[in-house]
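Single-letter residue listing:
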Amino acid sequence: MKFISTRKSSPSVSASVAIINGLAPDGGLYVPESIPSLNLNNAPSYNDYPALAHFVLSPYFEGDVLEKDLYDICKEAFTFPIPLHYHNKNEAVLELFHGPTAAFKDFGARFLAIVMERLLTISKNTLTILVATSGDTGGAVAAAFHKRQNIEVKVLFPKGRVSARQERQLTCYEENITSFAVDGSFDDCQKMVKEAFMDSALSHHHLTSANSINLGRLLPQMVYAFSSSLEMFEKTGEKSTLIIPSGNVGNSCASFYAKEMGAPIKEIILSVNNNTTIVDYLKSGTYSGRASIATLANAMDVGDPSNMERLFHHSSFLHNMKAFSVSDEEIKRSIKEVYEKHSYIVCPHTATGEKVRKELHLNSPTIVYATAHPAKFETIVEPIIQKKIEIPPLLNELLEKEQHFTSITADYHLLF
Ligand SMILES: *Cc1c(COP(=O)(O)O)cnc(C)c1O
């Protein structure tokens, strides 16, 4: 399988090259030349996650240097459960938060880290990854790349502007991870990363990024669209509607691939917060990216989603897409209602999906993606439900570690 650039003026490459490159040389995003369809009669059980991951990802690694390693990579990457929690027969929540940093980004980040480590061993190269983070991404990337051979990671976060628990997750590592508390905003951090990439004096560091446009993060996110819809299909005999809390639309894009490949998915519906770029686009037909607005579901505060270019490339995805926006007030009410009705605690992101599910009144199976554990957003959720949220053990381990970071001004030279 080859991957081409959405801007169509870069050579087509294998999955491994697309993953190492991140962005295509023409500035576009890598997309598969064609989307394979799978014969689900041969699919492993939805319970055997590494085997299912291998089954789903195999066509994309056909002919790749890592083709033979793929099963081992899946086995090493996906070591935690991905359960469907049922409110009732037709309404389930896909708990994507049982990984090391308690959010779905662990899937993509771990797969990416393992693939990159193996590729560097083969090519005898080294890489330095720069990540600017407003909270969740940096933690997942740091955890996934910690102690990996031949890879150094520099995490930049805006000092005093991430939550206390987020800061702890960003600063609990040593060895190959260095964390920088930048005196500035998230935009300043992103600007520093861009400037470092453009400075040819730094080329010997082999700088790269690990952000959500990387194919190595996108591909593994198809797998849980399969596992959850297959489980629901086995239990109800019906295709599921997926409701996906969205920001950069990586999860949604991956789920569209899964649907196209044959996963028993009826429809894909995006829930967003007050950042309504996609909702407005679907209404008006005119896309206009804009600055982001701060909301309670902060990992979805995206005004110009970076994976939109992939959705525009696969125009059939857009014709079948629905999206609804959920305000901060509605997020709070949704957290409360889900808790009262189902004794189940959701994070503010997941709450947007639950609100959309409630409004739609569908009479068929619906799966809401639970993108993060509520304990990561305890300052928002605990006052609403009037209850302390238990911290998952893996997350607690990170939160109790000693913090290591360097405070710097917003000058990228200080990172080296
Ligand atoms: C990143 C993130 C999202 C948004 O996911 P996209 O793939 O960027 O659309 C939603 N919820 C949480 C908790 C996240 O960390």
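Now for a description of the structure that goes with this document. Keep in mind that this is a model prediction, so the values were computed, not measured. (Residues numbered from 1 in each chain as written. Predicted model: local features only at pLDDT ≥ 70, side-chain atom pairs only at ≥ 80, totals over all residues. Heavy atoms only, no water.)

## Let's talk about the pairing of strand 9 (residues 240-245)
Our working rule: In this scheme, a residue with accessible area under 20% of its type's maximum is buried, one over 50% is exposed, and one in between is partly exposed, where area comes from a 1.4 Å probe on protein chains only. Helix and strand assignments come from DSSP, with helices taken as H or I runs of at least 4 residues and strands as E runs of at least 2, each series counted from the N terminus. Strands were regarded as paired on the criterion that DSSP finds at least two bridges between them. Think of it like this: strands point away, you trace from the first strand over the helix to the second, and a clockwise trace means the crossover is right-handed.
When you tally the buried positions in strand 9, you get six out of six residues, the bulk of the element. Here strand 9 shows two buried faces, one formed by Ser240, Leu242 and Ile244 and the other by Thr241, Ile243 and Pro245. Where strand 9 meets strand 10 (residues 265-272), six bridges bridge the pair, whose relative direction is parallel. Across the sheet, Ser240 pairs through a bridge with Ile265, a residue of strand 10. Following the backbone out of strand 9, through helix 10 (residues 250-261) and into the adjacent parallel strand 10, one traces a crossover that is right-handed. Bridge count between strand 9 and strand 12 (residues 366-370): three bridges; the pairing is parallel. Counted as the bridge partner of Thr241 is Thr366 from strand 12.

## Observations regarding the sheet that holds strand 3 (residues 84-86)
Through backbone hydrogen bonds, the strands of a sheet pair up, either in parallel or in antiparallel fashion. Threshold: Under this scheme, a helix contributes an axis fitted over its contacting stretch, all axes are lines through C-alpha atoms, and angles between N-to-C directions fall in the 0 to 180 degree range. The contact rule is simple, with two residues in contact once any of their heavy atoms fall within 4.5 Å.
Read across the sheet, six strands follow the order 3-4-12-9-10-11 without closing on themselves; strand pairing throughout is mixed. Both edges of this open sheet fall to strand 3 and strand 11 (321-325), since each of them pairs with a single strand only. Neighbour-to-neighbour, the strand axes of this sheet turn through a mean angle of 25°, independent of strand direction. Across the face of the sheet, helix 9 (residues 223-236) comes into contact with strand 3, strand 4 (91-95), strand 9, strand 10 and strand 12 while running at roughly 145° to strand 12. This element, helix 10, spans strand 9, strand 10, strand 11 and strand 12 of the sheet and lies at about 175° to strand 10.

## Examining the sheet that holds strand 6 (residues 151-158)
Taken together, the five strands give an open sheet; going across it, the order is 8-5-6-7-13, and neighbouring strands pair in parallel fashion. Two strands close off the open sheet at either side, each with one partner strand: strand 8 (207-208) and strand 13 (406-409). Direction of pairing for strand 5 (residues 127-132) relative to strand 6: parallel, over a ladder of six bridges. Each residue of the ladder has a partner; that of Ala132, found in strand 6, is Leu156. In the packing of helix 5 (residues 136-145) onto the sheet, contacts are made with strand 5, strand 6 and strand 7 (177-183), and the angle to strand 6 comes to roughly 160°.

## Focus on the state of the cysteines
In protein chemistry, a disulfide is the covalent bond that joins the sulfur atoms of two cysteines. The following threshold applies: We call a pair of cysteine sulfur atoms a disulfide when they lie within 2.5 Å.
Applying the stated criterion across every chain, the model contains zero disulfides. For the unlinked cysteine Cys74, the closest cysteine sulfur is that of Cys253, found at 19 Å. Classification of Cys74 by relative accessible area gives buried; the value is 0%. The structure places no disulfide on Cys172, whose sulfur is separated from the nearest cysteine sulfur, that of Cys189, by 18 Å. On the basis of relative accessible area, Cys172 is assigned to the buried category, the value being 6%.

## Section: the packing of aromatic side chains
To keep it simple, the criterion reads: Whether two aromatic rings pair depends on their centres lying within 6.5 Å, for rings of Phe, Tyr and Trp, where Trp uses its six-membered ring; planes under 30 degrees apart make the pair stacked, over 60 edge-to-face, and the rest tilted.
Here the structure, examined in full by the defined rule, presents 15 aromatic pairs. Judged by centre distance (4.9 Å) and plane angle (65°), the rings of Phe107 and Tyr224 are edge-to-face. Pair noted here: Phe107 is in helix 4 (residues 105-123) and Tyr224 is in helix 9, with a separation of 117 residues, a long-range link. Residues Phe107 and Tyr224 agree in their burial class; the two are buried.

## Considering the environment of Val13
Counting through the fold element by element, Val13 comes out in the loop between strand 1 (3-5) and helix 1 (15-21). With 302 residues separating them along the chain, Val13 and Ser315 place their C-alpha atoms 22 Å apart. The residues contacting Val13, other than those within four sequence positions of it, are Met1, Lys2, Phe3, Ala18 and Tyr30.

## Topic: the site of the ligand
Formally: We call a residue near a given molecule or strand whenever any one of its heavy atoms falls within 4 Å of it. Pairs of N or O atoms are called polar contacts if they sit within 3.5 Å, as long as, within protein, a hydrogen donor faces a hydrogen acceptor (for residues adjacent in sequence, only side-chain-to-side-chain pairs). The Shrake-Rupley method, run with a 1.4 Å probe, gives the accessible areas here. Residue values count only the displayed protein chains as cover. Three classes are used: nonpolar for Ala, Val, Leu, Ile, Met, Phe, Trp, Tyr, Cys and Pro, charged for Asp, Glu, Lys and Arg, and polar for all others, with Gly counted as polar.
Around the ligand, a shell composed of 15 residues is seen, among which Lys105, Gly247, Asn248, Val249 and Thr371 lie nearest. Between the ligand and the protein, one listed contact pairs an oxygen atom with a side-chain N or O atom of Lys105 at 2.5 Å. At 3.0 Å, a backbone N or O of Asn251 approaches an oxygen atom of the ligand. Contact with the protein chains removes 97% of the 390 Å² of surface that the ligand exposes when unbound. Grouping the constituent residues of the shell around the ligand by class yields six nonpolar, seven polar and two charged.

## A word on the pattern of salt bridges
Basically, it comes down to this: Counted as salt bridges are all cases of a side-chain nitrogen of Lys or Arg within 4 Å of a carboxyl oxygen of Asp or Glu.
One pass over the full model with this rule turns up 19 salt bridges. Across the salt bridge formed by Arg7 and Glu309, the nearest N and O atoms sit 2.9 Å from each other. With Arg7 in the loop between strand 1 and helix 1 and Glu309 in helix 12 (residues 308-313), the pair connects residues that are 302 residues apart, well separated along the chain. Relative accessible area serves as the criterion here: at 24%, Glu309 is assigned to the partly exposed category.

## So, the pairing of strand 12
Extensive coverage of strand 12 is indicated by the burial of five of its five residues. Side-chain alternation along strand 12 places Thr366, Val368 and Ala370 on one buried face and Ile367 and Tyr369 on a second face that is also buried. In the sheet, strand 4 pairs with strand 12 via five bridges, with the strands oriented parallel. Each residue of the ladder has a partner; that of Ala92, found in strand 12, is Ile367.

## Considerations on helix 14 (residues 328-342)
As a reminder, the rule being used: To estimate the expected span of a helix, subtract one from its residue number and multiply by 1.5 Å. Directions are taken from the helix axis to each C-beta atom, and the arc is the one they span.
The end-to-end C-alpha separation of helix 14 is 21 Å, in line with the 21 Å expected for 15 residues at 1.5 Å each. Along helix 14, the residues that are buried comprise Ile331, Ser334, Ile335 and Val338. Around the axis of helix 14, the buried residues are gathered within 100° of arc, so they sit on the same side. Across helix 14 from its buried face, at more than 90 degrees, point the exposed residues Glu340 and Lys341. Check the buried side of helix 14 and you find it contacts helix 15 (348-360) and helix 16 (378-385).

Note that all results are geometric; they support no functional claim without further evidence.
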